[in-house]
Amino acid sequence: MNKQQLAAKIWESANKLRSKIEANEYKDYILGFIFYKFLSDKEEQFLRKDGWENEDLMELTEKDEETVEYCRRQLGYFISYDNLFSTWLKKGKDFDVSNVTDALSAFNRLIDPKHKKVFEKIFDTLDTGLSKLGDTSGARTKAISNLLQLIKDIPMDGKEDYDVLGFIYEYLISNFAANAGKKAGEFYTPHEVSLSEIVADHLKGRDKIEIYDPTSGSGSLLINIGQSAAKRMGNQDNIKYYAQELKENTYNLTRMNLVMRGILPDNIITRNGDTLEEDWPFFDDEHNYTPLYVDAVVSNPPYSQNWEPTEDKKHDPRYANYGMAPKSKADYAFLLHDLYHLKPDGIMTIVLPHGVLFRGGEEGDIRRNLIEKNNIDAIIGLPANIFFGTGIPTIIMVLRQKRENTDVLIVDASKHFEKVGKN
């Protein structure tokens, strides 16, 4: 299924549900069900490879403790036959909304303890929102049945030449921009601005890498960079992904997207939290702070966000050597956070509003310090209207901790674009 066919299907389905839910909430339902189908199909494929036939799958219950443990250990979770997505479809008219609530409850209960961070509460947005799909159980059942029919046709085998979840998210955000808020661009970074080739080229020749996005949104930046790096490394299983995201719904999307791209649960380390307030990575279970330094940091943070730095932030090691970003604009706070977590031979790329190049005050002081400490490698100016939900022109800044040369490469790419629709 190509992008246009997928978009047409999703738009038709969204219109059917419009009377029941807010347009921008629709993405939480469809993406949640898509992810559940992915996990369900993955378990079926995993067991079939071990020789399980259809009749064997029908015996797949929690009572079979050995299989439950085997699946949990290998996949991170376990889904019984009654709760498989394919079983829901087979039920036909006997399907009921309670099948979904029971399945989601069982899923949470049966997550492997080692993989709780990856899967725990990942369906909370879907679970708590089911009641909005209709006033009666029958109405909710009908709405979900229609969604399941749509989703069963969406390709999820990872073989497409595009990021299916990211595309659906981008499509819904762009079509529902009025409802989704004007800053939709902070959640989804179109793949055209993925920065992946710059980062992957810098990292080529390394056997193992760790990459980090402190404002991960849908996870699309990490995925694009991981894919580009894996091509050069020849092994995607040697890439570790760190992601932090403030909004819970979007944080769940980050985790779903990373898992759906075939990344091992052991290589996914995520956190739902405020990057500027609570520096991460890395807290251990006792909340002792051990900073983590990675090979690459990538981010497209919310532009010119208000923040309230307390007095003690002046001594925060992230900002102490460069200065404090002003309360009205957190752009440089995000940049300095990223830079702090970079290894001496690492690379970081960050998308920022054009204003960071020339605004004065505290930002001017930070800019001077970045130049004098020789951290800025390159600045790439992008055209306006490149992101969904905001028309402002942006830049990509490329930074490093240690550089041999002392110049700054400045590229004006603001005239080099292809226009598609409004963007």
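Residues numbered from 1 in each chain as written. Predicted model: local features only at pLDDT ≥ 70, side-chain atom pairs only at ≥ 80, totals over all residues. Heavy atoms only, no water.

Chemist: Requested: an account of the nonpolar core, with residues and values cited.
Modeler: Of all hydrophobic cores here, the largest spans 94 residues; its most connected members are Tyr26, Ile30, Phe33, Phe35, Leu39 and Ile168. Here this core gets twelve residues from one element, more than from any other, and that element is helix H2 (residues 26–49). For Leu39, the residues in contact, after removing those within four places along its chain, are Tyr77, Ile79, Phe107, Phe119, Phe123 and Val259. (Core = buried A, V, L, I, M, F, W, Y, C linked by side-chain atoms within 4.5 Å. Buried < 20%, exposed > 50% of the residue type's maximum accessible area, 1.4 Å probe, protein only. Helix = DSSP H or I, 4+ residues; strand = E, 2+ residues; numbered from the N terminus. Contact = heavy atoms within 4.5 Å.)

Chemist: Could you give me a rundown of helix H6 (residues 97–109), with the residues and numbers involved?
Modeler: Between its first and last C-alpha, H6 extends 19 Å over 13 residues, near the 18 Å set by a 1.5 Å rise per residue. Within the sequence span of H6, burial applies to Val97, Asn99, Val100, Ala103, Leu104, Ala106 and Phe107. (Expected span 1.5 Å × (residues − 1).)

Chemist: Describe the pattern of salt bridges, and please don't skip the residues or the numbers.
Modeler: Enumeration over the complete set of coordinates arrives at 24 salt bridges. Arg48 is paired through a salt bridge with Glu44; the nearest N and O atoms lie 3.3 Å apart. Remark: Glu44 and Arg48 occur in helix H2; sequence separation between them is four residues, near one turn of the helix. We classify Arg48 as partly exposed; its relative accessible area is 37%. Residues joined by salt bridges that share partners form a network here, namely Arg206, Asp295, Lys343 and Asp345. (Salt bridge = Lys/Arg side-chain N within 4 Å of Asp/Glu carboxyl O.)

Chemist: Please set out the pairing of strand E4 (residues 294–299) residue by residue, giving values where relevant.
Modeler: Taking burial as the measure, the six residues of E4 include six buried ones, the bulk of the element. Bridge count for strand E1 (residues 209–213) against E4 is two bridges, and the pairing is parallel. Following the sheet pairing, Tyr212 is matched in E4 by Val297. (Pairing = 2+ DSSP bridges.)

Chemist: Please provide a residue-by-residue account of the side chain of Ser216, values included.
Modeler: You can see Ser216 is positioned in the loop between E1 and helix H13 (220–233). If we skip the residues at most four places from it in the chain, Ser216 touches Ala243, Gln244, Glu245 and Thr254.

Chemist: Which residues make up the packing of aromatic side chains, and what values do they have?
Modeler: For the structure shown, the criterion picks out 18 aromatic pairs. The interplanar angle of 55° and the centroid separation of 6.1 Å between the aromatic rings of Trp88 and Phe95 together place this pair among those described as tilted. We note that Trp88, like Phe95, is buried. Pairing Tyr212 with Trp280 gives two aromatic rings, centres 6.0 Å apart and planes at 70°, and the pair type is edge-to-face. Taken together, the residues Tyr212 in strand E1 and Trp280 in the loop between strand E3 (268–272) and E4 connect sequence positions 68 residues apart. (Phe/Tyr/Trp six-rings, centres within 6.5 Å; stacked < 30°, edge-to-face > 60°.)

Distances and angles like these do not, on their own, reveal function.
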